[in-house]
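# Residue-level structure breakdown
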Amino acid sequence: MRNEDGQTIRLEDYRPYDYLVHSVDLDFTLGDGETTVRSRLILERRPGEEGYADLVLDGDEIEMTSIAVDGAPLEAGLYELTPERLVIQAVPQEGRFTLEVVTRLEPEKNSKLMGLYRTKGVWCTQCEAEGFRRITFFPDRPDVLSRYRVRVEADRAAAPILLSNGNPGERGELPGGRHFAVWDDPHPKPSYLFALVAGDLDVLTDGFTTAGGRKVDLAIYTEKGLAGRAAYAMDALKRSMVWDEKRFGREYDLDIFNIVAVSDFNMGAMENKGLNVFNHKYVLLDPQTATDGDYAGVETVIAHEYFHNWTGNRITCRDWFQLCLKEGLTVYRDQEFSADERSRAVKRIASVASLRAHQFPEDQGPLQHPVRPTRYREINNFYTATVYDKGAELVRMIATILGEDGFRAGMDLYFERHDGEATTIEAFIACFEEVTGTDLTQFALWYSQAGTPTLTVRESFEAGTLTLTLSQHLDGGAAQTGTAPMHLPVRFALVGPDGAEIDAKAESAEARVADGIIHLTTAEATIVFTGLAQRPLLSILRDFSAPVTLVHEQSAEDRAALARRDPNDYARWAAVNGLVETMLVGAAREGFSEARDGETIDALVEAAGDENLEPALRALIATLPGEVEIARLVAKDVDPEAVHAARIAALTAIGRLGAGPLAALRESLATDADFSPDAASAGQRALRNAVLAPLSLAAGDPGAAAAQYAGATNMTDRLAGLSVLVHHFAGSAAAEDALADFYGRFETDDLVIDKWFAIQATAPAADTLERVAALQRHPAFRLANPNRARSLIGSFAAANPLAFHRADGRGQAFVAEQLVALDRLNPQTAARLATSFRTWRSLEPIRRENARAALAAMQDEKSLSKDLKDIVERTLQ
Ligand code: TRP
Ligand code: ZN
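Residues numbered from 1 in each chain as written. Chains lettered and ligands numbered in written order. Predicted model: local features only at pLDDT ≥ 70, side-chain atom pairs only at ≥ 80, totals over all residues. Heavy atoms only, no water.

## A closer look at the domain arrangement of the protein
What the domain assignment reports for the protein is domain 1 (19-200), domain 2 (347-448), domain 3 (454-554), domain 4 (555-700) and domain 5 (747-877). Each of domain 1 and domain 3 has a C-alpha centre, and the two are 55 Å apart. (Domains from an automatic or database assignment.)

## Some remarks on unusual backbone geometry
Here the residue pair Glu128 and Ala129 is connected by a cis peptide bond, since its omega of -5° sits within 30 degrees of zero. Locating Ala129 in the fold gives a position in the loop between β11 (122-126) and β12 (146-155). Positioned with a positive phi, Asp70 is a non-glycine residue whose angle comes to about 50°. Summarising the element assignment, Asp70 is placed in the loop between β5 (63-69) and β6 (72-73). One non-glycine residue with positive phi stands out, namely Ala90, at about 60°. Here Ala90 lies in the loop between β8 (85-88) and β9 (96-105). Ala90 gets classed as exposed once you look at its relative accessible area, which sits at 57%. (Helix = DSSP H or I, 4+ residues; strand = E, 2+ residues; numbered from the N terminus. Buried < 20%, exposed > 50% of the residue type's maximum accessible area, 1.4 Å probe, protein only.)

## Digging into the nonpolar core
Residues Phe28, Leu55, Leu99, Phe194, Phe428, Tyr447 and Leu470 are the most contacted members of the largest nonpolar core, which totals 216 residues. Among the elements that make up this core, the one with the highest residue count is helix α5 (residues 385-418) (15 residues). Contact partners of Phe194, with chain neighbours within four places excluded, come to Leu26, Phe28, Thr125, Cys127, Phe132, Ile135, Tyr148, Val150, Ser164, Asn165, Lys189 and Asn272. Core analysis: the second largest hydrophobic core is formed by 60 residues, Leu722, Ala773, Leu783 and Ala830 among them. (Core = buried A, V, L, I, M, F, W, Y, C linked by side-chain atoms within 4.5 Å. Contact = heavy atoms within 4.5 Å.)

## Points about empty space enclosed by the protein
Counting across every chain of the model gives one cavity of 30 Å³ or more. In terms of lining residues, the largest cavity is bounded by Trp573, Val576, Asn577, Val580, Leu620, Ile621, Thr623 and Pro625. Its residues assigned to classes, the lining of the largest cavity shows six nonpolar, two polar and no charged. (1 Å grid on protein atoms, 1.4 Å probe; cavity = no way out; pocket = protein on both sides within 12 Å on 5 of 7 lines; lining within 4 Å. Points joined across faces, edges and corners; volume = space filled by probe spheres on them. Nonpolar A, V, L, I, M, F, W, Y, C, P; charged D, E, K, R; others polar.)

## Let's talk about the coordination of the zinc ion (ligand 2)
At this site the zinc ion (ligand 2) is bound by His304 (NE2), His308 (NE2), Glu327 (OE) and Glu327 (OE), with donor distances of 1.9 to 2.8 Å. For the zinc ion (ligand 2), the six donor atoms in the first shell make angles of 45 to 160° at the metal, so the coordination geometry reads as irregular. Between consecutive donors of the zinc ion (ligand 2), the numbers of intervening residues give the motif H-x3-H-x18-E. With His304 in helix α2 (residues 292-307) and Glu327 in helix α3 (residues 323-341), this pair connects stretches of sequence that are 23 residues apart. (Donors = N, O, S within 2.8 Å, 3.2 Å for Na, K, Ca; no water. Tetrahedral: all angles 85-135°; square planar, octahedral: opposite > 155°, others 65-115°.)

## Here's the deal with the sheet that holds strand β7 (residues 79-81)
Where strands meet in a sheet, backbone hydrogen bonds hold them as pairs that are either parallel or antiparallel. Read from one edge of the open sheet, three strands run β4-β8-β7, paired in antiparallel fashion. The sheet terminates laterally at β4 (55-58) and β7, the two strands that pair on one side only. Between one strand axis and the next, the sheet turns through 10° on average, direction left out of account. (Pairing = 2+ DSSP bridges. Axes fitted to C-alpha atoms, helices over the stretch in contact; angles between N-to-C directions.)

## Some words on the site of ligand 1
The local shell around ligand 1 holds 16 residues, among which Glu128, Glu271, Glu305, Glu327 and Tyr388 are the closest. Side-chain polar atom of Glu128 to a nitrogen atom of ligand 1: 2.5 Å apart, as the coordinates give it. In the environment of ligand 1, an oxygen atom lies 2.6 Å from a nitrogen or oxygen atom belonging to the side chain of Tyr388. Isolated, ligand 1 exposes 360 Å² of accessible area, and the fraction of that covered by the protein chains is 98%. Tallied by class, residues from the shell around ligand 1 come to six nonpolar, five polar and five charged. (Near = heavy atom within 4 Å. Polar contact = N/O pair within 3.5 Å; in protein donor to acceptor, adjacent residues only side chain to side chain. Areas by Shrake-Rupley, 256 points an atom, 1.4 Å probe, with all protein chains shown as cover.)

## Regarding the pattern of salt bridges
Tallied over the full model, the rule gives 85 salt bridges. With a shortest N-O distance of 2.7 Å, Arg372 and Glu426 are connected by a salt bridge. With Arg372 in the loop between α4 (344-363) and β23 (375-376) and Glu426 in helix α6 (residues 425-436), this pair connects stretches of sequence that are 54 residues apart. Accessibility expressed as a relative area gives 45% for Glu426, which makes it partly exposed. Between Asp741 and Arg745 there is a salt bridge, and its shortest N-O distance comes to 2.7 Å. Of the two residues, Asp741 and Arg745 both sit in helix α19 (residues 733-746), four residues apart, roughly one turn of that helix. Judged by relative accessible area, Asp741 falls into the partly exposed class, the value being 31%. (Salt bridge = Lys/Arg side-chain N within 4 Å of Asp/Glu carboxyl O.)

Spelled out as structure tokens, the structure:
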């Protein structure tokens with residue numbers, strides 16, 4: 001691997017840092033246009049190390065104004081300052097010494113939103129992964145744990161609120177209208193968990209008493225006038241705190257827990273110790289401005305960041321290759337929380353659909369990497385669906401293999417043994433091996449081998465005996481990390497004609513079969529079930545028990561029967577989904593045929609109407625996969641226009657063939673004006689809205705959608721109406737009127753205006769590119785705001801293949817230009833949006849060549865950031 005402006009970092013090169021950093025004292029003087037940071041470190045040569053070592057500190061775009069060791073200013077010849085490092089020679093090798101460094105920053109000019117920056121006048125930090133080095137010189141790596149004490153000083157009027165990590169200490173007034181506050185964090189932490197916030201903010205407060213009796217003050221800070229919208233986030237926080245105590249025995253460990261919501265933020269949120277900082281999208285909600293999906297997202301992200309307090313903060317990562325140690329595990333924990341708070345089956349289906357839509361294309365394309373990578377050029381580019389979501393699947397498989405009690409015992413040991421440490425995946429796995437006596441060596445291949453295995457299932461039935469052959473196969477992809485057979489836990493059931501599960505005796509020479517799970521560890525295994533009165537239906541890969549591509553040549557009749565009768569809710573969705581995928585891929589390749597797919601549509605309409613199933617599940621059944629997902633299934637020579645036509649034809653046929661029952665369903669679910677965000681009410685809205693598109697398309701009439709838009713009493717229903725208008729009746733007066741009305745209603749509300757941009761950018765219409773180009777000049781558009789850039793440019797590139805991959809290449813060229821412009825402001829966000837190009841090789845030849853040209857144009861740009869360059873080069877390779 002080659003890299004001109006930075007080197008490739010390799011896992012095998014890891015070695016501990018040469019020094020211990022016992023304590024960090026930071027003193028921030030915040031002022032308009034200029035901020036000064038005084039840092040005082042107490043250091044010591046790592047005991048037991050031989051030989052002299054220079055003190056090497058990281059730095060990035062910061063100006064140093066003074067430096068002293070043990071109180072004596074350092075002469076120029078005794079240190080070396082490069083753009084990336086401060087190297088100090090002749091530091092004491094025995095005992096402790098102090099290093100004092102003063103740096104000057106300009107947070108107002110920091111558009112990268114890493115380090116210290118200002119958003120709407122508020123000072124705010126983001127340090128993960130390598131942002132702390134943009135504040136002061138420091139060994140900015142996760143295995144250097146220190147005690148932090150922070151003093152913040154600012155103008156009282158500009159910043160009445162002064163926050164940092166840990167517990168609050170002294171506060172006081174200073175001359176000239178200034179004031180200060182001191183914060184002390186008793187828990188040693190790595191620099192990436194440091195945070196500071198200062199500004200004029202509103203607050204919502206509450207309290208929580210832990211199981212152990214600790215009283216914790218809770219506070220959510222927002223921009224002025226918005227604290228009222230943080231009530232649901234506060235509720236979700238308290239529920240998360242209760243859940244982690246009950247499910248994992250984990251209690252909170254400080255007297256105060258603060259959350260701050262800001263409008264300029266690179267990602268969703270950040271788990272800084274005792275001071276989480278959030279994208280305001282994941283905090284602020286009310287029924288008029290937020291959808292049910294937004295409520296679910298807030299609940300998930302609040303829980304995720306809170307759960308990091310144990311999985312991430314108390315136990316952190318030794319190096320950034322171990323990122324999945326905290327992220328995969330914490331995603332698993334937040335998924336389990338949502339499953340317990342809402343519906344387990346619905347949450348699992350949503351997670352699986354999202355894994356397949358986002359992680360599978362990554363795992364099957366040029367950006368492929370193992371869950372634990374072994375090399376990177378830019379760590380920001382490894383906060384991926386593979387590390388987070390496949391990482392969570394691996395933890396879920398450990399739980400499946402060991403069972404609930406074994407998993408909990410392994411987690412208990414992990415918390416006990418590694419508390420206060422920066423550790424590795426090996427150490428994590430060893431905890432589960434030790435408490436259960438299980439050898440997980442083969443299982444651990446999941447962490448090192450990239451790619452999605454294919455699981456092929458064949459079945460035959462004769463004279464009361466069912467024979468299953470399971471085989472696994474892994475292709476060597478872009479990452480070239482090996483293809484050995486892994487341990488796949490395959491959950492299954494045999495289902496009788498009456499829908500009951502059959503308990504048949506299983507025998508296999510190759511695979512262990514126990515508790516409804518086939519443990520496939522060989523390339524192939526045969527399992528024989530005997531004593532069956534008649535041929536059962538095979539319900540396999542229940543709950544998506546391993547993240548694989550399932551190839552199961554099951555007849556449409558068997559699938560339709562499972563769609564009607566499988567007692568497992570996930571399996572019913574999967575059965576309908578299997579039929580639907582076959583229908584859509586066939587339609588994209590050969591055109592839609594009602595004669596061929598009538599049965600599939602019947603099965604879908606029937607399951608959507610089945611009152612034994614919860615509405616949220618039926619809504620998922622009634623919702624077709626999106627065009628990007630259909631394109632992934634088509635896989636080769638994709639023509640986005642054919643994919644679009646196939647999906648519309650299927651939707652229209654569902655609305656026509658299911659007209660009676662679906663219209664009746666919609667009637668029966670009439671929403672009441674009293675909005676409640678609970679999962680059951682949200683499920684009813686989801687189901688009612690899921691059938692609006694098919695019914696409207698079949699009727700060829702935007703009337704129902706327009707009426708729903710105009711009469712809506714909450715954002716979920718309003719946006720559902722608007723999206724049918726804009727996506728299926730593009731350019732109609734009804735669509736244009738609704739868009740204008742929507743803008744007028746919500747003009748002052750950034751989060752809602754993001755929806756307004758996104759809904760237009762995702763309209764599958766011929767002139768969407770021209771519209772997006774015009775919107776990019778709209779006064780409300782600001783490229784430097786990540787949410788806005790994502791809502792217009794990001795959603796156009798990620799969710800509108802028809803327009804992005806327009807045959808004339810202008811959609812891709814437009815995105816490439818915008819990314820280059822964005823790269824100058826915010827490389828991290830530009831690189832993330834550029835990943836939409838990752839499917840380019842699966843396009844038909846003309847569009848493929850256009851995409852290559854757009855990527856090459858980006859690559860040719862002078863002074864591309866390390867972030868964007870890394871993505872573009874890997875995508876092209
Ligand atoms: N650790 C954060 C999380 O998963 C995400 C994160 C990583 C992040 N890097 C970031 C957030 C940069 C904002 C900016 O919860
Ligand atoms: Zn996380």
